[in-house]
Amino acid sequence: NSKDEKRYEENFEKAKEAMNVCAQEIRKLELDMNLIEAEYTLDQSKLIFTYSAEERVDFRELLKCLANIFHCRIELRQVGPRNKAKMVGGLGQCGRELCCAKFLNDFEMISINMAKNQLLALNIQKLSGQCGKLKCCLKFEDEQYKEMRKGLPKLNSRIEFEGRMYRITSMNVLLQQVRIENKEDVQWLTFS
């Protein structure tokens with residue numbers, strides 16, 4: 001109802017102030033944690049602070065300080081880098097809204113093998129998203145690439161073509177092309 005909506009707006013403003021206070025306390029206590037957001041429950045009985053940290057943080061002293069300041073139940077939630085990116089949002093290298101912020105709810109495991117399946121250069125900077133982890137989109141296309149590569153020779157394998165030996169140096173699965181070369185010749189072939 002309208003009363004709840006008004007309370008929600010008030011809580012939103014109070015949470016901004018709480019963020020600043022908590023950030024000051026974190027600096028005072030020299031804790032290695034990055035505060036992401038603060039949120040009051042509708043009845044203001046609980047204040048939830050979300051943070052990220054590389055390692056486990058002993059925040060017992062921080063809890064005591066915050067409880068004395070805000071006079072309500074305090075909850076500190078640690079989230080990983082993917083969840084942080086989801087909360088903060090932004091644009092990916094593709095120019096679109098981050099997948100994690102737009103529609104992803106569960107973060108499945110993503111491995112470097114997925115990039116290998118897609119024949120991508122193993123450049124971690126280019127394969128990493130804003131969270132610093134491997135991009136979620138590697139997972140989306142992995143099964144399709146596995147299916148398309150079935151029965152194809154591996155990179156650097158040797159093949160015979162028109163009576164001469166060649167080595168496969170690159171492959172474009174989407175265009176269905178393979179580059180073969182030897183000391184005298186380089187060719188692009190189409191496979192189907």
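Look above for the structure.
1. Overview of the nonpolar core
(1) Moving on: By size, the foremost hydrophobic cluster in this structure holds 19 residues, and its most contacted members are Met 33, Leu 47, Phe 49, Leu 62, Leu 66, Phe 70 and Ile 74.
(2) Moving on: The residues contacting Met 33, other than those within four sequence positions of it, are Ile 26, Tyr 51, Ser 52, Ala 53, Val 57 and Leu 62.
(3) Moving on: Grouped together as the second largest cluster of nonpolar side chains are 12 residues, Ile 110, Cys 131, Leu 134 and Cys 136 included.

2. Points about the packing of aromatic side chains
(1) Moving on: Tallied over the entire structure, the rule returns four aromatic pairs.
(2) Moving on: Between Tyr 51 and Phe 59, the aromatic rings sit 6.1 Å apart at their centres with planes inclined by 75 degrees, giving edge-to-face as the arrangement.
(3) Moving on: A cation over a ring is seen here: Lys 14 above Tyr 40, with NZ or CZ 5.3 Å from the ring centre.

3. Focus on the sheet that holds strand β6 (residues 177-181)
(1) Moving on: Read from one edge to the other, the open sheet built from four strands follows the order β4-β5-β6-β7, with strand pairing classed as antiparallel. Two strands close off the open sheet at either side, each with one partner strand: β4 (158-161) and β7 (186-190). Neighbouring strand axes in the sheet, compared pairwise and without regard to direction, differ in orientation by 45 degrees on average.
(2) Moving on: Two elements, strand β5 (residues 164-172) and β6, share five bridges in a ladder whose sense is antiparallel. Pairing of Met 171 across the sheet is with Val 178, part of β6.

4. Notes on the pattern of salt bridges
(1) Moving on: Taken as a whole, this structure holds 13 salt bridges when the rule is applied.
(2) Moving on: The shortest N-O distance in the salt bridge between Glu 13 and Lys 16 comes to 3.7 Å. Residue Glu 13 and its partner Lys 16 are both found in helix α1 (residues 2-29); the two are separated by three residues, about one turn of the helix.
(3) Moving on: Glu 13 gets classed as partly exposed once you look at its relative accessible area, which sits at 40%.
(4) Moving on: Its relative accessible area of 44% is what places Lys 16 among the partly exposed residues.

5. Points about a nonpolar patch on the surface
(1) Moving on: Among the surface-exposed residues, Tyr 8, Phe 12 and Leu 42 lie close enough to one another that they form a single nonpolar patch of about 310 Å² accessible area.
(2) Moving on: Looking at the element boundaries, Leu 42 is found in the loop between β1 (34-40) and β2 (46-52).

6. Brief notes about the sheet that holds β2
As a general point, the strands of a sheet are linked pairwise by backbone hydrogen bonds and lie either parallel or antiparallel.
(1) Moving on: Pairing in this open sheet of three strands is mixed, and the strands run β1-β2-β3 from one edge to the other. Looking at the sheet topology across the chains shown, the edges are occupied by β1 and β3 (73-78). Looking at each pair of strands side by side, their axes are set apart by 20 degrees on average, direction ignored.
(2) Moving on: With respect to the sheet, α1 is in contact with β1 and β2, its orientation differing from that of β1 by roughly 145 degrees.
(3) Moving on: Across the sheet, helix α3 (residues 81-88) lies against β1 and β2, angled at about 60 degrees from β1, the strand it touches most.

About the criteria used
Residues numbered from 1 in each chain as written. Predicted model: local features only at pLDDT ≥ 70, side-chain atom pairs only at ≥ 80, totals over all residues. Heavy atoms only, no water. Core = buried A, V, L, I, M, F, W, Y, C linked by side-chain atoms within 4.5 Å. Buried < 20%, exposed > 50% of the residue type's maximum accessible area, 1.4 Å probe, protein only. Contact = heavy atoms within 4.5 Å. Phe/Tyr/Trp six-rings, centres within 6.5 Å; stacked < 30°, edge-to-face > 60°. Lys NZ or Arg CZ within 6 Å of the ring centre and 35° of its normal. Pairing = 2+ DSSP bridges. Helix = DSSP H or I, 4+ residues; strand = E, 2+ residues; numbered from the N terminus. Axes fitted to C-alpha atoms, helices over the stretch in contact; angles between N-to-C directions. Salt bridge = Lys/Arg side-chain N within 4 Å of Asp/Glu carboxyl O. Patch = residues over 30% accessible without salt bridge, like charges linked within 9 Å, V, L, I, M, F, W, Y side chains within 5 Å. Areas by Shrake-Rupley, 256 points an atom, 1.4 Å probe, with all protein chains shown as cover.

That's the geometry; what it means functionally is another story.
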